[in-house]
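# Observations on the three-dimensional arrangement
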Amino acid sequence: MKRIVTLQDISCVGRCSLTVALPVISAMGVECGILPTAVLSTHTMFKTFTCKDLSDQIEPISDAWEQEGIAFDGIYTGYLASGEQCGQVCRFFDRFAPGGEQGSGCRIIVDPAMADNGKLYAAFDEAFPAKMAEVCARADIILPNITEASLMTGLPYKTEYDETYIRQLLEGLLKLGCRTAVITGVSDGPGRLGVVSLDQEGTAFSYYTRKCPQSYHGTGDIYSSTVAGGLMRGMELSDALSLAADFVVRCIDATSTAEDARWYGAEFESQIPWLCGQLTERR
Ligand code: PXL
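Sequence order as written defines the numbering, with residues in each chain counted from 1. In keeping with the model being predicted, local features are shown solely for residues with a pLDDT of at least 70 and side-chain atom pairs are shown and tallied solely at 80 or more, while totals for entire chains, interfaces and linings include all residues. Processing note: side-chain calculations cover all non-hydrogen atoms of the structure and skip hydrogens and water entirely.

### Some thoughts on the overall build of the protein
- Only runs of H or I of at least four residues qualify as helices and only runs of E of at least two qualify as strands under DSSP, and these elements are numbered from the N terminus. Looking only at helices and strands, the protein features 10 helices and 11 strands.
- When we talk radius of gyration, it's over C-alpha atoms, and the globule rule is simply 2.2 Å times the number of residues to the 0.38. Computed over its C-alpha atoms, the radius of gyration of the protein comes to 17 Å, within 12% of the 19 Å expected for a compact globule of 283 residues.
- For the protein, the spread of C-alpha atoms along the principal axes amounts to about 50 × 40 × 40 Å.
- Throughout this description, buried means an accessible area under 20% of the type-specific maximum (1.4 Å probe, protein chains only), exposed means over 50%, and partly exposed covers the range between. Expressed as a percentage of the 283 residues in the protein, the buried residues total 53%.
- Note on definitions: a residue-residue contact is assigned when non-hydrogen atoms from the two residues lie within 4.5 Å. Pairs at least 24 apart in sequence give 65% of the contacts found in the protein among residues at least 6 apart.
- All accessible-area figures derive from a Shrake-Rupley calculation using a 1.4 Å probe, and residue coverage is judged against the displayed protein chains alone. A total accessible area of about 12,600 Å² is found for the protein, and carbon and sulfur atoms account for 49% of it.
- Neither His nor the chain termini are counted; the positive set is Lys and Arg, and the negative set is Asp and Glu. Where a charge lies is defined by one atom per residue type: Lys uses NZ, Arg uses CZ, Asp uses CG and Glu uses CD. Put simply, the protein has 23 plus and 36 minus side-chain charges, and the middle of one group is 2 Å from the middle of the other.

### With respect to the site of the ligand
- Within the structure, the ligand sits among Asp-9, Ser-11, Cys-16, Ser-17, Leu-40, His-43, Thr-44, Met-45, Tyr-79, Tyr-121, His-217 and Asp-221.
- Note that a nitrogen atom of the ligand is positioned 2.8 Å from one of the side-chain N or O atoms of Asp-9.
- Here an oxygen atom of the ligand sits 2.7 Å away from a polar atom, N or O, in the side chain of Thr-44.
- Here the ligand loses 98% of its free accessible area of 310 Å² to cover by the protein chains.
- Residues that form the shell around the ligand fall into these classes: 5 nonpolar, 5 polar and 2 charged. To be near a molecule or strand, a residue needs just one of its heavy atoms within 4 Å of it. We call two N or O atoms a polar contact when they sit within 3.5 Å, provided that within protein one can donate a hydrogen and the other can accept it, with sequence-adjacent residues counted only if both atoms are side-chain atoms. Gly is put with the polar residues, along with every residue not named as nonpolar or charged; the nonpolar set is Ala, Val, Leu, Ile, Met, Phe, Trp, Tyr, Cys and Pro, and the charged set is Asp, Glu, Lys and Arg.

### Thoughts on the pairing of strand β4 (residues 74–77)
- Side-chain alternation along β4 places Gly-74 and Tyr-76 on one buried face and Ile-75 and Thr-77 on a second face that is also buried.
- For strand β1 (residues 3–13) and β4, the ladder comprises 4 bridges, and the chain directions are parallel. Note that in β4 the partner of Val-5 across the bridge is Ile-75. Each pair of strands is called paired provided DSSP finds at least two bridges between the two strands.

### Structural notes on the pattern of salt bridges
- When a carboxyl oxygen of Asp or Glu is within 4 Å of a side-chain nitrogen of Lys or Arg, the pair counts as a salt bridge. With the rule as written, the count across this model stands at 11 salt bridges.
- A salt bridge links Glu-31 to Arg-3; the shortest N-O distance between them is 3.1 Å. Here Glu-31 is found in strand β2 (residues 31–42), whereas its partner Arg-3 is found in strand β1, with 28 residues between them in sequence.
- The salt bridge involving Glu-66 is made with Arg-95; its shortest N-O contact spans 3.0 Å. With Glu-66 in helix α2 (residues 55–67) and Arg-95 in helix α3 (residues 83–96), this pair connects stretches of sequence that are 29 residues apart.
- Classification of Glu-66 by relative accessible area gives partly exposed; the value is 41%.

### With respect to the pairing of β1
- Of the strand pairs in this sheet, β1 and β2 are connected by 9 bridges, and their pairing is parallel. Pairing of Ile-10 across the sheet is with Val-39, part of β2.
- For a crossover, the right-handed case is the one in which the path from the first strand over the helix to the second runs clockwise, viewed with the strands pointing away from the viewer. For the handedness criterion, the β-α-β arrangement of β1, helix α1 (residues 18–27) and β2 is classed as right-handed.

### Re the packing of helix α8 (residues 219–232) against helix α9 (residues 237–257)
- Where helices are involved, their axes are fitted lines through C-alpha atoms of the stretch in contact, as for all axes, and angles between N-to-C directions lie from 0 to 180°. Following both chains from N to C, one finds α8 and α9 inclined at 145 degrees, their axes separated by 8 Å at the closest point. Between α8 and α9 lies a crossing whose hand is right-handed. Mapping the contact onto sequence places Thr-219, Ile-222, Tyr-223, Thr-226, Val-227, Gly-230 and Leu-231 in α8 and Leu-237, Ala-240, Leu-241, Leu-243, Ala-244, Ala-245, Phe-247, Val-248, Cys-251 and Ile-252 in α9.
- Of the residues in the contact of α8 with α9, the class split is 14 nonpolar, 3 polar and no charged. Handedness of a crossing is defined here by the sense of rotation of the near helix relative to the far one, left-handed for an anticlockwise turn of less than a right angle and right-handed for a clockwise turn.

### Description of the nonpolar core
- Ranked by size, the top nonpolar core spans 47 residues in total, and within it Ile-75, Phe-92, Val-110, Val-135, Ile-142, Ile-166 and Ile-183 carry the most contacts.
- Each residue touching Ile-183, except ones within four places of it in the same chain, is listed here: Pro-144, Asn-145, Ile-146, Ala-149, Ile-166, Leu-169, Leu-170, Leu-173, Gly-194, Val-195 and Val-196. Put simply, a nonpolar core is a bunch of buried Ala, Val, Leu, Ile, Met, Phe, Trp, Tyr and Cys residues held in one set by side-chain atoms that sit within 4.5 Å of each other.

### Digging into the packing of aromatic side chains
- For Phe, Tyr and Trp, rings pair up if their centres lie within 6.5 Å, where Trp contributes its six-membered ring, and each pair is then called stacked (planes under 30 degrees apart), edge-to-face (over 60) or tilted (otherwise). Applying the stated criterion to the full structure yields 13 aromatic pairs.
- Centre to centre, the rings of Phe-46 and Tyr-264 are 5.4 Å apart; their planes meet at 40 degrees, and the pair counts as tilted. Linking Phe-46 in the loop between β2 and β3 (51–53) with Tyr-264 in the loop between α9 and α10 (272–281), this pair joins segments that are 218 residues apart in sequence. Across this residue pair, the class does not change: Phe-46 and Tyr-264 are buried.
- An angle of 65 degrees between the planes, with centres 5.4 Å apart, marks the rings of Trp-65 and Phe-72 as edge-to-face.

### Section: the packing of α1 against α8
- Close contact between α1 and α8 brings their axes to 9 Å; oriented N to C, the two are set at 35 degrees. Crossing angle aside, the handedness with which α1 passes α8 is right-handed. From α1, Val-20, Ala-21, Val-24 and Ile-25 reach across to α8, where they touch Asp-221, Ile-222, Ser-225, Thr-226, Ala-228 and Gly-229.
- Grouping the constituent residues of the contact of α1 with α8 by class yields 6 nonpolar, 3 polar and 1 charged.

### A look at the sheet that holds β1
- The mixed open sheet is built from 9 strands, whose spatial order is β3-β2-β1-β4-β5-β8-β9-β10-β11. Only two strands of the sheet have a single partner each, and these edge strands are β3 and β11 (204–210).
- Running over the sheet, α8 touches β1, β4, β5 (107–110), β8 (141–142), β9 (180–186) and β10 (192–199) and is turned about 175 degrees from β4.

If you want it as structure tokens, here you go:
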């Protein structure tokens, strides 16, 4: 069984980050280690929340793992607590995945979870995207949304755009140094939403589904976790990207029809059996 380690916060309530990554990746039949970067009462879209930064734990945990000879087939990072922590995560890559997939064979997957709808999340200042761009520079695959892509490339954020704009974002992201750039939440026409990707060799891919009228917090985390799980299982990137898109649509549909729907996160739990079924069907 492949083993991945995911570095992101644990928001105790709110269906995002580790409370999504761990169940989704485990359900996909991949061993999932965690390195919590912070503990929050909820994610930062709630009015009131607590946050305990765990930056001081990254190095001792890494030391202990190294002493125990623990190694990973993949590293997947999400929400990070501070610019300083971005530097620590880069050092973690140096220790456990030098050179990424092509060097050590350990694939680095980075979701630069820091912004959406044109705005940085509450906890970050304007200097943060440049720090996150350094994390992305080391990655094999990055998965920003349009807001995050624009913040890291310096291109303007647009809600109305054409293919050229998306291509410029992809090329700007590749210039950071990652091997493959994926942009999520891209529309190619009314009522359609999907993902596009481009790698350093010029291979492009896109996949669209219908656009759900509702949007829920944490769907980016469901998306990236599913891609990470799929890649660890040996799926082609294109298959992992499409499976994750279909899964997120199902989670959103399930949330919007639930009688006790919550505003703060998407109902992925009820869709896990479907996801597991797809793993044998799409092999
Ligand atoms: O879903 C991304 C995310 C993860 N973790 C925390 C967040 C957010 C988005 O707001 O606040 C703590």
